[in-house]
Amino acid sequence: MTATPIRLLLVDDDPLVRAGLALMMGGAGDIEIVGEAADGGEVEDVVQRTRPDVVLMDIRMPSVDGLTATERLRGRKDAPQVVVLTTFHADEQVLHALRAGAAGFVLKDTPPAEIVDAVRRVAAGEPVLSPAVTRQLMRHAAGTAADSRQARARERLTALNAREREVAVAVGRGLANAQIAAELFMSVATVKTHVSRILAKLGLNNRVQIALLAYDAGLLDEDGH
């Protein structure tokens, strides 16, 4: 393979888990493990030193957890993409990590080939969340703070024009660019441009955050999805 390998950093407090992940990723010719960290507090230094493209990040660690580490990383200009590792489908901390800018999550018991594929997809700019999992997480987020969250989300979305709002709702429904293009009668390139503008206007990192904001604002319910 002539393409530059995807540079991967493994973060987990369990050395056996790290060893298993390293073994798993070692079989992929297009992925290079450039470093490991045993705690979220080590992540920024290791990232500075190794310059990974993707960080595979455990959520629960004894000193600095993966959520805090993700927030710190995503605040950097040269931030790598973050994929959260978890044992739960709908963990509140996973939701927080996605809001903090993680590009998605994989379960620790996910088949090895799918974890490898997740790293590849995130490196290519595609968030690792199926529409079904996105909806599950969104439902899990609904709680006592829903009303105030909706008001804040709607205020933020006033920055978008009508077309961008339509695209944001489609992203929230889990549609891929080609599906959005077909539904809204525009080219895929135009969809990509709209998504980029939405991210810039709202100060978001990725499509997952667009989906969460659209849900918070109640736009998906309004559209009957």
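Residues numbered from 1 in each chain as written. Predicted model: local features only at pLDDT ≥ 70, side-chain atom pairs only at ≥ 80, totals over all residues. Heavy atoms only, no water.

Looking up the protein chain in an unreviewed UniProt entry gives the name DNA-binding response regulator, with the organism given as Streptomyces diastatochromogenes.

Draft legend 1. Up close: the overall build of the protein chain. Within the protein chain, the secondary structure is distributed over twelve helices and five strands. Burial analysis of the protein chain (225 residues in total) assigns 48% to the buried set. Taking as baseline every contact in the protein chain between residues at least 6 positions apart, the subset at least 24 positions apart corresponds to 66%. (Helix = DSSP H or I, 4+ residues; strand = E, 2+ residues; numbered from the N terminus. Buried < 20%, exposed > 50% of the residue type's maximum accessible area, 1.4 Å probe, protein only. Contact = heavy atoms within 4.5 Å.)

Draft legend 2. How the structure looks around the pattern of salt bridges. For the structure on display, the rule yields eleven salt bridges. Across the pair Arg51 and Asp78 runs a salt bridge, and its minimum N-O distance is 2.3 Å. With Arg51 in the loop between α2 (43-50) and β3 (54-58) and Asp78 in the loop between α3 (66-74) and β4 (81-86), this residue pair connects regions lying 27 residues apart in the sequence. Residue class for Asp78 comes out partly exposed when judged on its relative accessible area of 40%. Between Glu164 and Lys201 there is a salt bridge, with the nearest N and O atoms lying 2.8 Å from each other. Here the residue Glu164 occupies a position in helix α8 (residues 162-172), and Lys201 occupies one in helix α10 (residues 188-202), the gap between them amounting to 37 residues. Three or more residues are tied together by salt bridges with common partners; here these are Asp12, Asp58 and Lys108. (Salt bridge = Lys/Arg side-chain N within 4 Å of Asp/Glu carboxyl O.)

Draft legend 3. Layout of the UniProt feature "modified residue: 4-aspartylphosphate" (unreviewed entry) in the protein chain. Under the UniProt annotation, "modified residue: 4-aspartylphosphate" (unreviewed entry) lies at Asp58. Residue class for Asp58 comes out buried when judged on its relative accessible area of 4%. The contacts of Asp58, once residues within four sequence positions are left out, are Val11, Asp12, Asp13, Gly66, Leu85 and Lys108. (UniProt positions renumbered as here; feature names shortened; annotations may be inferred.)

Draft legend 4. Structural view of the confidence of the model for the protein chain. When pLDDT is averaged along the protein chain, the result is 84; 86% of the residues meet or exceed 70. Within the protein chain, helix α6 (residues 131-141) has the poorest average pLDDT of any element, 60, and strand β1 (residues 6-11) the best, 95. (pLDDT = per-residue confidence, 0-100.)

Draft legend 5. Geometry of the pairing of β3. By the criterion of burial, β3 is predominantly enclosed, with five of the five residues buried. The alternating pattern of β3 places Val54, Leu56 and Asp58 on one face and Val55 and Met57 on the opposite face, and all of these are buried. As defined by bridge partners, β1 adjoins β3 across four bridges and the pair is classed as parallel. Across the sheet, residue Leu9 finds its bridge partner in β3, namely Val55. Sheet topology places β3 next to β4; five bridges connect them, and they run parallel. Residue pairing in the sheet places Val55 in a bridge with Val82 of β4. On the question of chirality, the crossover connecting β3 to the parallel β4 by way of α3 is right-handed. (Pairing = 2+ DSSP bridges. Right-handed = clockwise from strand over helix to strand, strands pointing away.)

Draft legend 6. Fine view of the environment of Val195. Tracing the chain through its elements places Val195 in helix α10. Look at Val195 and you get buried, because its relative accessible area is 7%. Along the sequence, Val195 and Asn206 sit eleven residues apart, while their C-alpha atoms lie 8.9 Å from each other. Beyond its immediate stretch of four places on either side in the chain, Val195 contacts Val167, Val171, Asn177, Arg207 and Ile210.

Draft legend 7. Looking closely at the packing of α2 against α3. Viewed as axis vectors pointing N to C, α2 and α3 meet at an angle of 45 degrees, and their least axial separation amounts to 10 Å. Compared by their axis directions, α2 and α3 come out oblique. Where α2 crosses over α3, the handedness of that crossing is right-handed. On α3, the residues touching Val43, Glu44 and Val47 of α2 are Ala69, Arg72 and Leu73. Counted by class, the contact of α2 with α3 contains four nonpolar, no polar and two charged residues. (Axes fitted to C-alpha atoms, helices over the stretch in contact; angles between N-to-C directions. Parallel < 35°, antiparallel > 145°, perpendicular 65-115°, else oblique. Left-handed = near helix turned anticlockwise from the far one by under 90°. Nonpolar A, V, L, I, M, F, W, Y, C, P; charged D, E, K, R; others polar.)

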